Amino acid sequence: VSLEANVGGGGGGNLEFVIHQVSPAIAVGTWNHVVAMYNGYNISMYFNGVLVEDRPACSSPPCGRIVYPSAAPCKASQTGLTIGTYRNPMDGQQYPHIGAVKSARLFRRAVTASEVAHLYSALSSKLPASPISLTEYWVQASASVGSVLSPITDYADADTPSDIGLRGLFNVSQAYACNFTLEGDDAGLSLLSASAVVSCADAGNARSCPAGYADTLTCVTPLWPHGFRRTGLSVVAARAS
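Here is what the cut-offs are and how they apply
Residues numbered from 1 in each chain as written. Predicted model: local features only at pLDDT ≥ 70, side-chain atom pairs only at ≥ 80, totals over all residues. Heavy atoms only, no water. Pairing = 2+ DSSP bridges. Helix = DSSP H or I, 4+ residues; strand = E, 2+ residues; numbered from the N terminus. Core = buried A, V, L, I, M, F, W, Y, C linked by side-chain atoms within 4.5 Å. Buried < 20%, exposed > 50% of the residue type's maximum accessible area, 1.4 Å probe, protein only. Contact = heavy atoms within 4.5 Å. Polar contact = N/O pair within 3.5 Å; in protein donor to acceptor, adjacent residues only side chain to side chain. Disulfide = S-S within 2.5 Å. Phe/Tyr/Trp six-rings, centres within 6.5 Å; stacked < 30°, edge-to-face > 60°. 1 Å grid on protein atoms, 1.4 Å probe; cavity = no way out; pocket = protein on both sides within 12 Å on 5 of 7 lines; lining within 4 Å. Points joined across faces, edges and corners; volume = space filled by probe spheres on them. Nonpolar A, V, L, I, M, F, W, Y, C, P; charged D, E, K, R; others polar.

Caption draft 1: How the structure looks around the pairing of strand β11 (residues 191-199). Pairing between strand β10 (residues 175-182) and β11: 5 bridges, direction antiparallel. Following the sheet pairing, N179 is matched in β11 by S193. By the bridge criterion, 4 bridges tie β11 to strand β12 (residues 213-220) in an arrangement that is antiparallel. Paired with S199 across the bridge in β12 is T216.

Structure below.
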């Protein structure tokens, strides 16, 4: 678990890394609750409700508000928010998250220790009962990580059908569908679905395509009546026709 902050000024600030190594190691197939926080003075981390890291964010606190980069290629409007993945457009570094993220929540302020305890308490009994699929999933990845690009595109004409391919692991006996939903202020007002087909991009690789599974899912984008609007993409198990 790591958190990074720029504690310097101008364009050449120092980077402060807060890294916590979980011991014993996290068991595969279990959910964990992580809170990372900056309150203007300290960078803190909670793991499963317990404070595991708490250190000054700069040499002479208070350290000020979060300042987003203003120079290309890190303009605020061009710098994506990532959760679970380290991405630095300045030097091209990117380290993808290995695992699953059940849910994420952002706050406009620092939360208190009692609030962290409350959040963890509310979820700790539910998380163990929430299944984790290790056999059916899809991933988001850019070509800068290995040679995998998923989805193969993040842009499509609103009135032109386009193939969208996703990489992951899919059961060949299961029918799937791609759901497209409107995001933003009108979220939830529109849902379009398209059937999907699965295939194996590397049929000779038993690790990529074990017996009964495929590593690629492809669907064709439906006619989108909302013009050039940001949409959400999800994959659902569908009943076979």
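Following the structure, the description resumes.
Caption draft 2: Focus on the nonpolar core. Judged by nonpolar contacts, I164, L166, F170, Y176, C178, F180, L182, A194, A196, L217, C219 and W224 together constitute the single largest core of 12 residues. Those elements giving two or more residues to this core turn out to be β9 (163-171), β10, β11 and β12. The element contributing the most residues to this core is β10, with 4 residues. Those residues within four positions of A194 in sequence are excluded, and the remaining contacts are A177, C178, F180, C219, V220 and P222. The next biggest cluster of nonpolar side chains, apart from the first, holds 5 residues, and it includes V35, Y46, V111 and V116.

Caption draft 3: Seen up close, the side chain of D215. By the element assignment, D215 lies in strand β12. Side chain to side chain, D215 and T216 meet in a polar contact 3.0 Å long.

Caption draft 4: Spatial organisation of unusual backbone geometry. The step from S23 to P24 runs through a cis peptide bond, and the omega angle for that step is 0 degrees. Between P61 and P62 the backbone carries a cis peptide bond, its omega angle lying at 5 degrees. Phi angles above zero are rare outside glycine, and N48 is one such case at about 50 degrees. As for its placement among the helices and strands, N48 is situated in the loop between β4 (42-47) and β5 (50-56).

Caption draft 5: Expanded view of the state of the cysteines. If you walk through the whole model with that rule in mind, you get 3 disulfides. Here C178 is linked by a disulfide to C219, with a sulfur-sulfur distance of 2.3 Å. Since a negative S-S torsion denotes a left-handed disulfide, the C178-C219 link at about -95 degrees is left-handed. Of this pair, C178 sits in strand β10 while C219 is found in strand β12, placing the two residues 41 residues apart along the sequence. Taken in N- to C-terminal order, the disulfide-linked cysteines of the protein are connected 1-2, 3-6, 4-5.

Caption draft 6: Up close: the packing of aromatic side chains. In this structure the tally under the stated criterion is 1 aromatic pair. A centroid spacing of 5.7 Å and a plane angle of 75 degrees characterise the contact between F170 and Y176, whose relative ring orientation is edge-to-face. What makes Y176 buried here is its relative accessible area of 8%.

Caption draft 7: Looking closely at the environment of A117. You can see A117 is positioned in helix α1 (residues 113-124). Considered as a pair, A117 and L51 are 66 residues apart in the sequence and their alpha carbons are 9.9 Å apart.

Caption draft 8: Main features of the layout of surface pockets. Each pocket or cavity is described by its volume, and for the second largest pocket that value is around 180 Å³. Lining the second largest pocket, in full, are E136, Y137, W138, L169, F170, Y176, S234, V235, V236 and A237. If you list the elements that add at least two residues to the lining of the second largest pocket, you get β8 (137-139), β9 and β13 (231-238). A total of 4 residues in the lining of the second largest pocket trace back to one element, the largest contributor, which is β13. Here the lining of the second largest pocket is built from residues that sort into 8 nonpolar, 1 polar and 1 charged.

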